[in-house]
Amino acid sequence: MSKSFSAMILAAGYGKRMLSLTNKIPKPLVKVNNVSLLKNSIDFLYKIGCKKIVINTHYKYNLISDFIQEYYNNNNINISYEKNILDTG
């Protein structure tokens, strides 16, 4: 029997090392094999029993918020917007 747990996805950064890909979208929405990094992370966390996810955001935060509303309807996912980015994870 596995215990339920919560997780935090760090998604506030600028993705500077991926600049050609992150000019218009934040790094968590970059797709690999047609699946965004964020979707892959969320789906994996749910698959292993995570019950609540917090995502911190900053750069292009509205796109991440829109993505969560569209694909997950904010189902046990909270977004923590950092008005001033804190630092590296």
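Above this text is the structure in question.
The residue count restarts for each chain, going from 1 along the sequence in the order it is written. It should be noted that, the model being predicted, local features are given only for residues of pLDDT at least 70 and side-chain atom pairs only at 80 or more, the latter also being counted only at that level, while totals for whole chains, interfaces and linings use all residues. Neither water nor hydrogens contribute to the side-chain values; these are computed over all heavy atoms in the structure.

## Focus: helix α3 (residues 61-72)
For step 1, the next point in the chain: Put simply, DSSP H or I for four residues or longer makes a helix, DSSP E for two residues or longer makes a strand, and each gets a number counted from the N terminus. Take the number of residues in a helix, subtract one, and multiply by 1.5 Å to get its expected span. Helix length check: α3 (12 residues) gives 16 Å between terminal C-alpha atoms against 16 Å at 1.5 Å per residue, within 8%.
For step 2, the next point in the chain: Along α3, the residues classified as buried are I64, F67, I68 and Y72. Mapping the buried residues of α3 onto a view down its axis gives an arc of 100°, with all of them on the same face.
For step 3, the next point in the chain: Here the buried face of α3 lies against β1 (5-11), β3 (35-36), α2 (37-47), β4 (50-57) and β5 (77-81).
For step 4, the next point in the chain: Taken from the residues just after α3, N73 is the one with a positive phi, measuring 50°. Buried means the residue's accessible area, taken with a 1.4 Å probe over protein chains only, is under 20% of the maximum for its type, while exposed means over 50%, and partly exposed covers the values in between. The arc in question is traced by the directions running from the helix axis to the C-beta atoms. In what follows, residue pairs with any heavy atoms lying within 4.5 Å of each other are defined as contacts.

## Here we look at the packing of α2 against α3
For step 1, the next point in the chain: Helix axes are fitted only over the stretch in contact, all axes being lines through C-alpha atoms; the angle between N-to-C directions runs from 0 to 180 degrees. Between α2 and α3, the shortest axis-to-axis distance is 12 Å and the interhelical angle comes to 50°. Between α2 and α3, the angle falls in the class oblique. In the crossing of α2 with α3, the sense of the turn from one axis to the other is right-handed. Contact residues: L38, K39, I42, D43 and Y46 in α2; I64, F67, I68 and Y72 in α3.
For step 2, the next point in the chain: For this scheme, ten residues count as nonpolar: Ala, Val, Leu, Ile, Met, Phe, Trp, Tyr, Cys and Pro. Four count as charged, namely Asp, Glu, Lys and Arg, and the remainder, Gly too, count as polar. Of the residues in the contact of α2 with α3, the class split is 7 nonpolar, no polar and 2 charged. An angle counts as roughly parallel when it lies under 35 degrees, as roughly antiparallel when it exceeds 145, as roughly perpendicular when it falls between 65 and 115, and as oblique in every other case. Crossing handedness: left-handed means the near helix sits turned counterclockwise from the far one by under a right angle, and right-handed means the same turn made clockwise.

## Remarks on unusual backbone geometry
For step 1, the next point in the chain: Positive phi, normally seen in glycine, also occurs at N33, with a value near 55°.
For step 2, the next point in the chain: Here N33 shows up in the loop between β2 (31-32) and β3.
For step 3, the next point in the chain: Despite not being glycine, N76 has its phi angle at roughly 60°, a positive value.

## Some points on the layout of surface pockets
Picture a little ball the size of a water molecule; that probe, rolled over the atoms, points out where space is still empty.
For step 1, the next point in the chain: Taken as a whole, the second largest pocket holds about 200 Å³ of empty space.
For step 2, the next point in the chain: Points on a 1 Å grid, built from protein atoms alone, make a cavity when a 1.4 Å probe fits but cannot get out and make a pocket when they are open with protein on both sides within 12 Å along at least 5 of 7 lines; residues with an atom within 4 Å of a point are the lining residues. Taken together, I25, L29, K31, N34, V35, S36, K39, L63, D66, F67, E70 and Y71 make up the full set of residues lining the second largest pocket.
For step 3, the next point in the chain: Where the lining of the second largest pocket is concerned, the elements lending two or more residues are β3 and α3. Grid points are joined across faces, edges and corners, and a volume is the space filled by probe spheres set on the points.

## Some details on the sheet that holds β5
Hydrogen bonds along the backbone pair up the strands of a sheet, which may run parallel or antiparallel.
For step 1, the next point in the chain: Should DSSP find at least two bridges between two strands, the strands are taken to pair. Taken in spatial order, the 3 strands line up as β1-β4-β5 in an open sheet, and their pairing is parallel. Of all strands in the sheet, those bounded by a partner on one side alone are β1 and β5. On average, each strand axis in the sheet is inclined to that of its neighbour by 20°, with strand direction left out of account.
For step 2, the next point in the chain: Judged from the 7 bridges that link them, β1 and β4 form a sheet pairing that is parallel. Looking at β4, one finds that M8 is bridged to V54.
For step 3, the next point in the chain: On top of the sheet, α2 reaches β1, β4 and β5; it is set at about 155° to β4, its chief contact.
For step 4, the next point in the chain: Sitting on the sheet, α3 is in contact with β1, β4 and β5, with an inclination near 170° to β5.

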